[in-house]
Amino acid sequence: MINLRALLKVYFIMGSNNCLKDPKEVLKEVIAGGITLFQYREKGDGALAGAEKLSLAKELQCICRDHQIPFIVNDDIELALELDADGVHIGQEDEPVKSVREKIGDKILGVSVHSIEEAEVALREGADYFGIGPVFPTKTKVDAKPSRGTTLIQTLRKEGFTIPIVGIGGITHKNARSVVEAGADGVSVITAISHEASPMVAARALRDSVEEKKSDE
Ligand code: TZP
Ligand code: MG
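Position numbers for residues start from 1 in each chain and track the written sequence from start to end. Note on labels: chains are lettered from A, ligands numbered from 1, in written order. Restriction of local features to residues with pLDDT of at least 70 applies here, the model being predicted, together with a cutoff of 80 or more for giving and counting side-chain atom pairs; totals for whole chains, interfaces and linings are based on all residues.

## Let's talk about the overall build of the protein chain
Argument step 1. Numbered from the N terminus, helices here are DSSP runs of H or I no shorter than four residues, and strands are runs of E no shorter than two. Across its full length, the protein chain carries 10 helices and 8 strands.
Argument step 2. What the globule rule says is 2.2 Å times the number of residues to the power 0.38, and the radius of gyration is computed from C-alpha atoms. Against the compact-globule benchmark of 17 Å for 217 residues, the protein chain has a radius of gyration of 16 Å, which places it among compact chains.
Argument step 3. Principal-axis analysis of the C-alpha atoms places the extent of the protein chain at approximately 45 × 45 × 35 Å.
Argument step 4. Residues are called buried when their C-beta atom has 20 or more other C-beta atoms within 10 Å, exposed when it has 12 or fewer, and partly exposed otherwise; all C-beta atoms are positioned from the backbone. When burial is assessed residue by residue, the protein chain has 46% of its 217 residues classed as buried.
Argument step 5. We call two residues in contact if the C-beta atoms placed from their backbones are at most 7 Å apart. Taking the contacts inside the protein chain whose residues are at least 6 apart along the sequence as the reference set, 60% of them involve residues at least 24 apart.

Shown next, in the form of structure tokens:
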């Protein structure tokens, strides 16, 4: 049995357009830095499509496999099935949770939720974890809703939701701890890792703050 809570500690998300250098290099570095889960999210301006997307996905999946890091695909259920990925992450605009669950069997299924109502539906229909955000302001997702801090994470925990939760949006090693203290099992991060001069150091700092180890900064 996988320990999803532990896997969500430092959940790195990336597509080719989030990287300042070769995505394969970035992924290898962040794995060395201590990320616990990886999501391939090829989306937005300049995103790869078709054969190029498939080819990069395969290369990144291979790196993940070599290091026992589960590989999750954002949105693209067909790609996840073709690659036999470890899981899929979907939002509210994507196919209903129930039909994705039917397609992917027992692969990991993450769902972005923005309210208690969405959380109830996602849980009932088979989500394995919730992504909640944006917790802090972010420039990465153009259609992101306004940031609401950790309110929804706290509310869901108070209401008795025990499902694994990961916070997302504007998270850095400086604010990651507050997300965990609000009740999240971990943090999902794009920019605060992928845009750093050393993605490895950034990943390590995030891991340390989630695990409440003292960091140098
Ligand atoms: N969903 C909500 S915010 C966000 C997504 C995909 C973007 C998070 O990116 P960053 O760069 O870590 O703020
Ligand atoms: Mg989506």
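Now that the structure has been shown, we can carry on.
## Thoughts on the site of ligand 1
Argument step 1. By definition, a residue lies near a molecule or strand provided its backbone-derived C-beta atom is within 6 Å of it. Among the 14 residues in the neighbourhood of ligand 1, the closest are listed as Thr138, Thr140, Gly169, Ile190 and Thr191.
Argument step 2. Classifying every residue of the shell around ligand 1 by side-chain character gives 7 nonpolar, 6 polar and 1 charged. Basically, the charged four are Asp, Glu, Lys and Arg, the nonpolar ten are Ala, Val, Leu, Ile, Met, Phe, Trp, Tyr, Cys and Pro, and anything else, Gly included, counts as polar.

## Structural notes on the UniProt feature "binding site: Mg(2+)" (unreviewed entry) in the protein chain
Argument step 1. Cross-referencing UniProt, the feature "binding site: Mg(2+)" (unreviewed entry) maps to Asp75 and Asp94 in the present numbering. Spatially, the listed residues are clustered: although they cover 20 residues, their C-alpha atoms lie within 6.8 Å of one another.
Argument step 2. Considering the arrangement of structural elements, one finds Asp75 in the loop between β3 (71–74) and α4 (77–83).
Argument step 3. Look at Asp75 and you get partly exposed, because 19 C-beta atoms sit within 10 Å. UniProt positions are given in the numbering used here, feature names are shortened, and annotations may be inferred rather than shown by experiment.

## Comments concerning helix α7 (residues 151–158)
Argument step 1. If you check which residues of α7 are buried, you get Leu152, Ile153 and Leu156. Axial view of α7: buried residues confined to an arc of 105°, hence all on one face. Residues of α7 that are exposed and angled more than 90 degrees away from the buried face: Thr151 and Lys158.
Argument step 2. The inward-facing, buried residues of α7 contact α6 (116–125), β6 (129–132) and β7 (165–168).
Argument step 3. Note on α7: the residue one or two positions beyond its end, Gly160, has a positive phi of about 95°. By definition, the arc is the one covered by directions from the helix axis to the C-beta atoms.

## A short note on the packing of helix α2 (residues 23–33) against helix α3 (residues 50–66)
Argument step 1. Running from N to C, α2 and α3 cross one another at 20°; their axes reach a closest spacing of 10 Å. The angle between the axes of α2 and α3 places the two elements in the roughly parallel class. As for the relative orientation of α2 and α3, their crossing is right-handed in sense. Taken together, the residues of α3 that come into contact with α2 (itself represented by Pro23, Lys24, Leu27 and Lys28) are Leu56, Glu59, Leu60 and Ile63.
Argument step 2. Partitioned by chemical class, the residues of the contact of α2 with α3 number 5 nonpolar, no polar and 3 charged. Fitting a line to C-alpha atoms yields each axis, with helices limited to the stretch in contact; the angle taken between N-to-C directions then spans 0 to 180 degrees. Between 65 and 115 degrees an angle is taken as roughly perpendicular, under 35 as roughly parallel, over 145 as roughly antiparallel, and anywhere else as oblique. Throughout, a crossing is termed right-handed when the near helix is turned clockwise from the far one, and left-handed when it is turned anticlockwise from it by less than a right angle.

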